[in-house]
Amino acid sequence: MSRSGGQPARNRAWEILEPPAVGDRSSRLFDLFMVGVILLSVAAVVTRTVASVAGPYSSALTAVEHWSVAIFSVELLLRLWVANLVYGDRRGPAWLAYLRSREGLIDLVAVVPFYVGLLLSPSSPVLIGLALLRVLKLVRYSPAMGTLWAVLVNERSVLLGAVTIMLVLLLFSSTVIYLVERDDQPEAFGSIPAAMWWGMSTLTTVGYGDVTPSTPLGKLFGAVVTLLGVAMFALPAGILSSGFTKELKQRRFLRTTELVSGVPLFSGLNASDVAKVSRVLNPLIVQAGQIVVRQGEDASSMFFVAGGSLEVNIDGHRERLATEFFGEIGLLEGGTRSATIRALTRCQLLVLEQSHFDELLEGNSHLEKAVRRAHCERRAADVRRMTEMSGGGSEDG
């Protein structure tokens, strides 16, 4: 991903359109707004298929459709405008690379059916079906749906194997029941394709009851197929469950390592050392208004901000916390807290305790040297900055 400098408006538009960073209120509000528009648009398309509702509220539903498409169109144009910040390193035009991506195709599908409907019949079943695909835009704005999509992609080979086994079982069960029941019920089991309806409803354990075996052997085989169906449908469910858990752990670990790497104290560490620090962090949920640390308390831990906003109060001067971490100097120098920090919203924090930090340093001389060196460099930079500020103040006076 490349972001060119000298384009503040385009860069800011990119930041708002992309998943929000910690503390970016504008980006968060934009995401919530787009989720609302998507849900309202899909609800309007669904409601238009109900004749008793579509008639009296036709004008309102049409207005929702027009406004939602207008918003989706503006979003699409903005994403084309900032495409060079994401796809600038690709061959060919950046906007074309975006339109070929999964997100670009979904954004196109969200608006194209409407404009095609202006030329053709807007009530065409095909266009209605395509318009409902707007719900796929939630993948971008909903972390849960994005995670589920990633699981489906990552586990596609295993899921394909499970589906293949189920198709083999479907063919096998349909063939056997055809051979057993075709003479007694030729209208229901007269062919293997006809018997597949029973096979599918039995393997899925739905059992509509419209087609059932009548012979003793057919009933016995039906019971066996039902048990196989229960076992087979547990297989993809287990695959998705384990894949979802694995994906969540991986995303949390990557987010944690990103937070750790952003701290000047740990910026010089290699990936292995950053991972070691990440593993000893403890999660902490803080509610809005709760004090995280108080001025004058012993400094025995540092905090990483995984989500939410905090306020710093230094001797009555209050301002929003501008970094994604605080308390790192206390780990090395000890002493007391120099400020009171309070949660403005519900916050997700990761805590590195002094005892865990000391254990990391004792067991890894390379890590200790890197941390000490970074600490000395930061302290030297602070001294130089304070000297420059005091020198500048003297000259001004």
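It should be emphasised that the depicted structure is a prediction, and the values quoted were computed from it without experimental measurement. (Residues numbered from 1 in each chain as written. Predicted model: local features only at pLDDT ≥ 70, side-chain atom pairs only at ≥ 80, totals over all residues. Heavy atoms only, no water.)

(A) A look at the sheet that holds strand S5 (residues 317–320). One open sheet holds the four strands; their spatial order is S2-S7-S4-S5, and the pairing between them is antiparallel. The open sheet is flanked by strand S2 (291–293) and S5, the only strands paired with a single partner. This sheet shows a mean twist of 30° between the axes of neighbouring strands, independent of strand direction. Sheet analysis places strand S4 (residues 310–314) next to S5, joined by four bridges and oriented antiparallel. Note on S5: the bridge partner recorded for isoleucine 314 is histidine 317. (Pairing = 2+ DSSP bridges. Helix = DSSP H or I, 4+ residues; strand = E, 2+ residues; numbered from the N terminus. Axes fitted to C-alpha atoms, helices over the stretch in contact; angles between N-to-C directions.)

(B) Spotlight on the packing of aromatic side chains. Here the structure, examined in full by the defined rule, presents five aromatic pairs. Here the aromatic rings of phenylalanine 303 and phenylalanine 326 are separated by 4.9 Å at their centres, their planes lie at 15°, and the arrangement is stacked. Placement of phenylalanine 303 in strand S3 (residues 301–307) and of phenylalanine 326 in strand S6 (residues 325–326) is noted, with a sequence separation of 23 residues between them. Accessibility classification places phenylalanine 303 together with phenylalanine 326 in one group, the buried group. (Phe/Tyr/Trp six-rings, centres within 6.5 Å; stacked < 30°, edge-to-face > 60°. Buried < 20%, exposed > 50% of the residue type's maximum accessible area, 1.4 Å probe, protein only.)

(C) Structural view of the nonpolar core. Core analysis: the largest hydrophobic core is formed by 23 residues, its most contacted members being Ile38, Phe72, Val82, Tyr87 and Tyr98. Only helix H1 (8–17), helix H2 (25–47), helix H4 (58–81), helix H5 (83–87), helix H6 (94–100), helix H7 (102–119) and helix H9 (138–141) provide two or more residues apiece to this core. Looking at this core, the element that brings in the most residues is H2, giving five residues. The contact partners of tyrosine 98, leaving out residues within four places of it in the chain, are Leu76, Arg79, Leu80, Ala83, Tyr87, Glu103, Gly104, Asp107 and Arg140. (Core = buried A, V, L, I, M, F, W, Y, C linked by side-chain atoms within 4.5 Å. Contact = heavy atoms within 4.5 Å.)

(D) How the structure looks around the packing of H1 against H4. For the pair H1 and H4, interaxial distance at closest approach is 10 Å and the crossing angle is 125°. The angle between H1 and H4 falls in the class oblique. Between H1 and H4 lies a crossing of left-handed hand. For the pair H1 and H4, contact is made by Ala9, Arg10, Ala13 and Leu17 and by Glu75, Leu78, Arg79 and Trp81, respectively. Partitioned by chemical class, the residues of the contact of H1 with H4 number five nonpolar, no polar and three charged. (Parallel < 35°, antiparallel > 145°, perpendicular 65-115°, else oblique. Left-handed = near helix turned anticlockwise from the far one by under 90°. Nonpolar A, V, L, I, M, F, W, Y, C, P; charged D, E, K, R; others polar.)

(E) Local environment of a nonpolar patch on the surface. Residues Val126, Leu130, Leu133, Val135 and Leu136 make up a contiguous nonpolar surface patch of about 360 Å² in total accessible area. Considering the arrangement of structural elements, one finds valine 135 in the loop between helix H8 (125–132) and H9. Judged by relative accessible area, which is 33%, valine 135 ranks as partly exposed. (Patch = residues over 30% accessible without salt bridge, like charges linked within 9 Å, V, L, I, M, F, W, Y side chains within 5 Å. Areas by Shrake-Rupley, 256 points an atom, 1.4 Å probe, with all protein chains shown as cover. Salt bridge = Lys/Arg side-chain N within 4 Å of Asp/Glu carboxyl O.)

(F) Just the sheet that holds S6, in detail. Strand order in this open sheet of four strands is S1-S8-S3-S6, and the pairing throughout is antiparallel. Each edge of the open sheet is held by one strand with a lone partner, namely strand S1 (282–286) and S6. With five bridges joining them, S1 and strand S8 (residues 347–353) adopt antiparallel strand pairing. When the sheet's bridge partners are listed, valine 286 is paired in S8 with cysteine 347. Lying on the sheet, helix H14 (residues 216–261) is in contact with S3 and S8; it crosses S3 at an angle near 125°.

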